[in-house]
There are 2 protein chains.
Amino acid sequence: MRKYFCTIISVLVFFSNVNAQSNDSLNIRKIYNEALTSGKAYGWLDYLCNSIGSRLSGSAQAELAVNYVKKELDQLKFDRVFLQDVMVPHWVRGEKGNAFYKPTTAGALLPVSITALGMSIATPQGGLFGPVVEIKNFDELAVKGRKEIAGKIVFFNYPMDPTFYNTFRAYGEAAKYRWSAAARAGYYGAKGVVVRSMTLATDDFPHTGSMGYSDSVQKIPACAISTIGANELSDAIKMYPQLQFFFKQSCEMKDSVLSHNVVGEIKGSEHPEEIIIVGGHLDSWDLGKGAHDDGAGVVQSMEVLNLFKALNIKPKRTIRCVAFMNEENGGRGGAKYAELAKQNNENTIAAIETDGGGTSPRGFSFKGDSMQIEKIFSKKYLFEQYGLHVWMHGYGGADIDHLEKQGTLLIGLSPDSQRYFDYHHAASDTFDKVNKRELELGAASIAALVYLISEYGLK
Amino acid sequence: MRKYFCTIISVLVFFSNVNAQSNDSLNIRKIYNEALTSGKAYGWLDYLCNSIGSRLSGSAQAELAVNYVKKELDQLKFDRVFLQDVMVPHWVRGEKGNAFYKPTTAGALLPVSITALGMSIATPQGGLFGPVVEIKNFDELAVKGRKEIAGKIVFFNYPMDPTFYNTFRAYGEAAKYRWSAAARAGYYGAKGVVVRSMTLATDDFPHTGSMGYSDSVQKIPACAISTIGANELSDAIKMYPQLQFFFKQSCEMKDSVLSHNVVGEIKGSEHPEEIIIVGGHLDSWDLGKGAHDDGAGVVQSMEVLNLFKALNIKPKRTIRCVAFMNEENGGRGGAKYAELAKQNNENTIAAIETDGGGTSPRGFSFKGDSMQIEKIFSKKYLFEQYGLHVWMHGYGGADIDHLEKQGTLLIGLSPDSQRYFDYHHAASDTFDKVNKRELELGAASIAALVYLISEYGLK
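Residues numbered from 1 in each chain as written. Chains lettered and ligands numbered in written order. Predicted model: local features only at pLDDT ≥ 70, side-chain atom pairs only at ≥ 80, totals over all residues. Heavy atoms only, no water.

A.B. asks: Got a sec to walk through the overall build of chain A? Specific residues and values, please.
C.D. replies: Looking only at helices and strands, chain A features twelve helices and 16 strands. For chain A, the C-alpha radius of gyration of 24 Å lies close to 23 Å, the compact-globule estimate for 459 residues. The principal-axis extents of the C-alpha atoms in chain A amount to approximately 100 × 45 × 40 Å. Within the span of chain A, comprising 459 residues, buried residues form 59% of the whole. Counting contacts in chain A only where the partners sit at least 6 residues apart, residues at least 24 apart contribute 83% of the total. Approximately 18,300 Å² of chain A is accessible, and the part contributed by carbon and sulfur atoms is 54%. One finds the centroid of the 49 positive side-chain charges in chain A at a distance of 2 Å from the centroid of its 50 negative side-chain charges. (Helix = DSSP H or I, 4+ residues; strand = E, 2+ residues; numbered from the N terminus. Rg over C-alpha atoms; globule rule 2.2 N^0.38 Å. Buried < 20%, exposed > 50% of the residue type's maximum accessible area, 1.4 Å probe, protein only. Contact = heavy atoms within 4.5 Å. Areas by Shrake-Rupley, 256 points an atom, 1.4 Å probe, with all protein chains shown as cover. Lys, Arg positive; Asp, Glu negative; His and termini not counted. Charge placed at Lys NZ, Arg CZ, Asp CG, Glu CD.)

Following this line, the structure appears as structure tokens:
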């Protein structure tokens, strides 16, 4: 009898699992179909990029973007839409930077494309002029030391390694030359630094991005040079080691200003106290239009809530989309969100960030409790027909990273990375570089994962 | 003793397998690294698109392209480089087509973007003008029948279905409306057809492509209308069912001309009689530059041989790259290649075609002997780190399909399909739409598969 009873239970559990699976599969299909036929993400991105434009923290456009996202979320009549106050640094680029090199004393001035690195100081008003030393890496810098570096402009020519399949790995390895170049070279008395752009493309766009100074080292101006410029300059230095370099930039750090994260929320029907957030960052660098970085992530996050609403799927757990402010040059929005979550005793069970561009989604990376991650990995098979094969342990994202201490499972969407750094932080990061379907597939993929976490929780 | 002996054999086999595997893995890594650091494919594609341009069969540019590919292959000093003569149809578009609709008798003429479908006849010199009937599918056409169709211009407004993840499936379903529209509507006495472009993008590019007539039905002119144009026209017809449509095109079928396939070969060191071919088609439609379709496939195929040469990998079996002529409007090059292979008693063990664009490779599809396919599937794990997860039974490609009767295993590269039909057969298919790394990854993926087939054969 007991055996018989157990069999019945097993059969019931089996069928309820089969039913749940097929129901999940159907709901996920609905989510993808809705995104691909009636999604709003692409239209929102068009407006953000083409009607507002770049959105550097502290700029007027950043505030226009805050108001726009809030207005759009308000119109969708979610349960709550609100702003979070965030004080953000206000760095401005000033005039377009310019640079030349002069191979020989009698030679012509040859222009190269540069732009100030984010948070850099300006050059003296008349620009900075002097001999230039090319170095390949920090080891070489240390070997040259003060003797060969002091009084010079140091040209960091470390290319991203094209042999990494995932370009984020190549970026992760190279980006320290952008971040620390000024502090490291300044330590040996350099008077300025020129850093090869962090991109795998060979083109004439300089790519900006944040750099940092050391409190104990004299601040010196830092700029990025396009990869074509870097190659030309490197070739010229080989022929004319006495070559002189000139660059001029008028960037400036102003007083911090008040800005905002924008949050939309659908309350959970069964466990409203358990919160799942999906987010991207609303600020962008000022050279392009912040299309892939990270307008895409913002509109995909908005789309997640929109898809639930449009399909009338009531999530069991609370879902929030967050447009974070100031990821690029301060990370204040992410920090503020985590601070307020702690202050309000919120239980953020999972946070999904998308800040890798709007290309075809290939998978997710997860950081947190390994039991929770295994539970999610068991659902991977539901996503393979939509091209998401790469589920791995890894980084979640800069904005959500602050939530790690609160026990939140951190998740990053992994789009195809091949073309991302062609546009990243450069004037080429414009709306036309984003493909509508690829953007929609990313949004649907996040929504599908949110749906599963909302249905089953993570315990 | 026997047991002991068997153990030794097993251990030896195990280690030789392990060694073979790790050697394969290393060689595949070398192939990818070489493609990503020193590949020639992108430069070749630049020349094909930007110095030669579109390459419709029978055009002067198609012959320039034949000569260019032959010259480049000659310079690489493969074991053999040769041309195969192919007679190809010579259809010319003539003047740019133009079209208008006129909502009411008093209304203005409103322009829409059209282009002649490939192989269509011209309109009368003064153009074609008349009432227009919109239909959604062939069933609806049959219901309307001669009574409602005769003497009208029929507008086939069948959109590609955006909910297919793989856009080739949506294309496969919709393309019959391009191919058969004129024959089907002509059967009911229509005087012309206008076909919604086969694309998932909403834009103003009309997409051409081959159509066919029926011998038993009067030929009528056929054009493609952009998706924006199709949407406008459809909206206008709803408001003004009496709307009149005008289009004019001066395309023309000329006498067939002599053209060529271009073949490069590296002879196999151990089994030269077993041949593996890799190919794409050199001809393209005349509106764009044939970048994704199929300059990408041609230069990736050339790259495969180049990678073997550059890395000094001597293939055990013979490898050929083939730039096929006339895939777009006749398929004569593929047919001729197979005919000559048969005539020469060649043993083509495998043929890999790439005609799905130059985007990130996602896998391969296979058509042929299931034991051979299983043998290849056992190597899939070597490709996952390069993003190729989708290995399936399916179509090889139009040019290699003729080899099926010769027992050849047919293989198609499957690139990410999301953006392909944005450019396919349209003026937007230009060099800037192809990403260098994605192109290189595709070439390396084919080369890696060729390497394995060449090493191990298919028996």
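A.B. asks: How would you explain the sheet that holds strand β10 (residues 252-266) of chain B if you had to name every residue and give the values?
C.D. replies: Residues and elements named next belong to chain B. In spatial order, the strands read β1-β10-β12-β11-β13-β16-β14-β15; together these eight strands make up an open sheet with mixed pairing. With partners counted over all chains shown, the strands left at the sheet margins are β1 (80-92) and β15 (390-393), one partner each. Strand-to-strand twist of the sheet, defined as the mean angle between neighbouring strand axes without regard to direction, takes the value 20 degrees. Note that β1 and β10 share twelve bridges and pair antiparallel. If you follow Arg-80 over to β10, its bridge partner there is Glu-265. Contacts from helix α3 (residues 60-75) reach β1, β10 and β12 (317-324) within the one sheet, and its direction differs from that of β10 by about 10 degrees. Its contacts with the sheet put helix α12 (residues 436-456) on β11 (271-281), β12, β13 (347-353), β14 (361-367), β15 and β16 (409-415), and the angle it makes with β14 is roughly 40 degrees. (Pairing = 2+ DSSP bridges. Axes fitted to C-alpha atoms, helices over the stretch in contact; angles between N-to-C directions.)

A.B. asks: Quick rundown of the environment of Cys49(A)? Include the residues and the values.
C.D. replies: Residues and elements named next belong to chain A. Relative to the elements of secondary structure, Cys-49 occurs in helix α2 (residues 41-52). On the basis of relative accessibility, which here comes to 1%, the residue Cys-49 falls in the buried class. The sequence separation of Cys-49 and Gly-290 amounts to 241 residues, and the corresponding C-alpha distance is 6.6 Å.

A.B. asks: I'd love a proper account of the packing of aromatic side chains, names of residues and values included.
C.D. replies: A complete count under the given rule lists 46 aromatic pairs over all chains for this structure. With a centroid separation of 5.2 Å and an interplanar angle of 20 degrees, the aromatic rings of Phe168(B) and Tyr420(B) are classed as stacked. In this pair, Phe168(B) sits in helix α5 (residues 167-174) while Tyr420(B) sits in helix α11 (residues 420-423), placing the two residues 252 residues apart along the sequence. With a relative accessible area of 28%, Phe168(B) lands in the partly exposed category. For Tyr420(B), a relative accessible area of 3% puts it in the buried group. Each residue in the set Phe364(A), Phe366(A), Phe377(A), Phe383(A) and Trp391(A) is aromatic and connected to the rest through ring pairs, giving one cluster. For the cation-ring pair, Arg184(B) lies above Phe138(B), with the distance from its terminal atom to the ring centre recorded as 4.0 Å. (Phe/Tyr/Trp six-rings, centres within 6.5 Å; stacked < 30°, edge-to-face > 60°. Lys NZ or Arg CZ within 6 Å of the ring centre and 35° of its normal.)

A.B. asks: Quick one: what's the story with the interface of chain B and chain A, residue by residue and with numbers?
C.D. replies: At the junction of the two partners, chain B supplies 27 residues and chain A supplies 27 residues. Buried area between chain B and chain A, both sides added, is near 2,400 Å², and the carbon and sulfur share of it is 46%. Ranking the residues of chain B by area buried against chain A places Tyr165(B), Arg419(B) and Arg437(B) at the top, with a combined share of 29%. Put simply, chain B and chain A have two salt bridges between them. Glu438(B) is the salt-bridge partner of Arg419(A), the closest N and O atoms lying 3.0 Å from each other. Across the chain B-chain A interface, the total number found is 16 residue pairs in polar contact (both at pLDDT 80 or more). Tallying contributions element by element places helix α1 (residues 2-38) of chain B first for the side of chain B that touches chain A, with four residues. (Buried area = accessible area lost by both parts, 1.4 Å probe. Salt bridge = Lys/Arg side-chain N within 4 Å of Asp/Glu carboxyl O. Polar contact = N/O pair within 3.5 Å; in protein donor to acceptor, adjacent residues only side chain to side chain.)

A.B. asks: Give a detailed account of the packing of α2(A) against helix α8 (residues 291-310) of chain A, specifying residues and quantitative values.
C.D. replies: All names here are of chain A. Axis separation between α2 and α8 bottoms out at 9 Å; the angle between their running directions is 140 degrees. As the angle between them shows, α2 and α8 are arranged oblique. Helix-helix and strand crossings are classified by hand; for α2 and α8 the assignment is right-handed. Seen from α2, the contacting residues are Ala-41, Trp-44, Leu-45, Leu-48 and Cys-49; seen from α8, they are Ala-291, Gly-295, Ala-296, Val-298, Val-299, Met-302, Glu-303 and Asn-306. (Parallel < 35°, antiparallel > 145°, perpendicular 65-115°, else oblique. Left-handed = near helix turned anticlockwise from the far one by under 90°.)

A.B. asks: Could you give an account of the relation of the copies chain B and chain A, with specific residues and numbers?
C.D. replies: The pair of chain copies shares a relation made of a rotation about an axis and a shift along it. Placing chain B over chain A gives an RMSD of 0.0 Å and needs a rotation angle of 180 degrees, together with 0.0 Å of translation along the axis. One copy is carried onto the other by what is essentially a two-fold rotation axis. Residue His389(B) of chain B places its C-alpha closer to the rotation axis than any other residue of that unit, at 3.5 Å. Comparing contact sets, 100% of the residues at the interface of chain B also lie at the interface in chain A, consistent with an isologous, same-surface contact. (Least-squares fit on C-alpha atoms with pLDDT ≥ 70 in both.)

A.B. asks: For the sheet that holds strand β4 (residues 114-116) of chain A, give the residues involved together with the corresponding values.
C.D. replies: Each strand in a sheet pairs with its neighbour through backbone hydrogen bonds, running either in the same direction (parallel) or in the opposite one (antiparallel). Residue and element names in this part refer to chain A. If you walk across this open sheet you meet the eight strands as β3-β2-β9-β5-β6-β7-β8-β4, and the pairing is mixed. Here the strands that pair on one side only, and so sit at the sheet edges, are β3 (110-112) and β4. For this sheet, the mean inter-axis angle between neighbouring strands, taken without regard to orientation, is 35 degrees. When strand β5 (residues 128-135) meets strand β6 (residues 153-156), the two strands line up parallel, connected through four bridges. Bridging from a neighbouring strand, Ile-135 pairs with Phe-156 of β6. Those strands touched by helix α6 (residues 176-187) are β6, β7 (192-196) and β8 (222-225), and its axis lies near 155 degrees from that of β7.

A.B. asks: Quick one: what's the story with the environment of Lys238(B), residue by residue and with numbers?
C.D. replies: All names here are of chain B. Among the secondary structure elements, Lys-238 is positioned in helix α7 (residues 227-239). When the C-alpha positions of Lys-238 and Glu-134 are compared, they lie 9.5 Å apart, and in sequence the two are 104 residues distant. One polar contact links Lys-238 to Ser-234, side chain to side chain, over a distance of 3.0 Å.

A.B. asks: Tell me what's going on with the side chain of His281(A), and back it up with residues and numbers.
C.D. replies: All names here are of chain A. Counting through the fold element by element, His-281 comes out in strand β11 (residues 271-281). Separated by 2.8 Å, the side chain of His-281 and the backbone oxygen of Asp-283 make a polar contact. In terms of polar contacts, His-281 uses its side chain to reach the side chain of Asp-355, at 3.2 Å. The residues contacting His-281, other than those within four sequence positions of it, are Asp-293, Asp-294, Gly-295, Val-298, Phe-324, Glu-327, Glu-328, Asp-355 and Asp-399.

A.B. asks: Outline unusual backbone geometry, supporting the account with residue identities and numerical values.
C.D. replies: In the segment running from Asp293(A) into Asp294(A), the intervening peptide bond is cis, with an omega of 0 degrees. The phi torsion at Lys77(B) lies on the positive side, around 55 degrees, for a residue other than glycine. Its place among the elements puts Lys77(B) in the loop between α3 and β1. Using a relative accessible area of 62% as the deciding quantity, one classes Lys77(B) as exposed. Residues other than glycine seldom take positive phi values, yet Met119(B) does so here, at roughly 85 degrees.

A.B. asks: An account of the state of the cysteines is needed here, citing residue identities and associated values.
C.D. replies: Residue and element names in this part refer to chain B. Evaluation of the coordinates by the stated rule reveals zero disulfides over all chains. Distance from the sulfur of Cys-223, which forms no disulfide, to the nearest cysteine sulfur (Cys-251) is 9.4 Å. Accessibility expressed as a relative area gives 0% for Cys-223, which makes it buried. Residue Cys-321 stays outside any disulfide, its sulfur separated by 17 Å from that of Cys-49, the closest cysteine. Residue classification places Cys-321 among the buried positions, given a relative accessible area of 2%. (Disulfide = S-S within 2.5 Å.)

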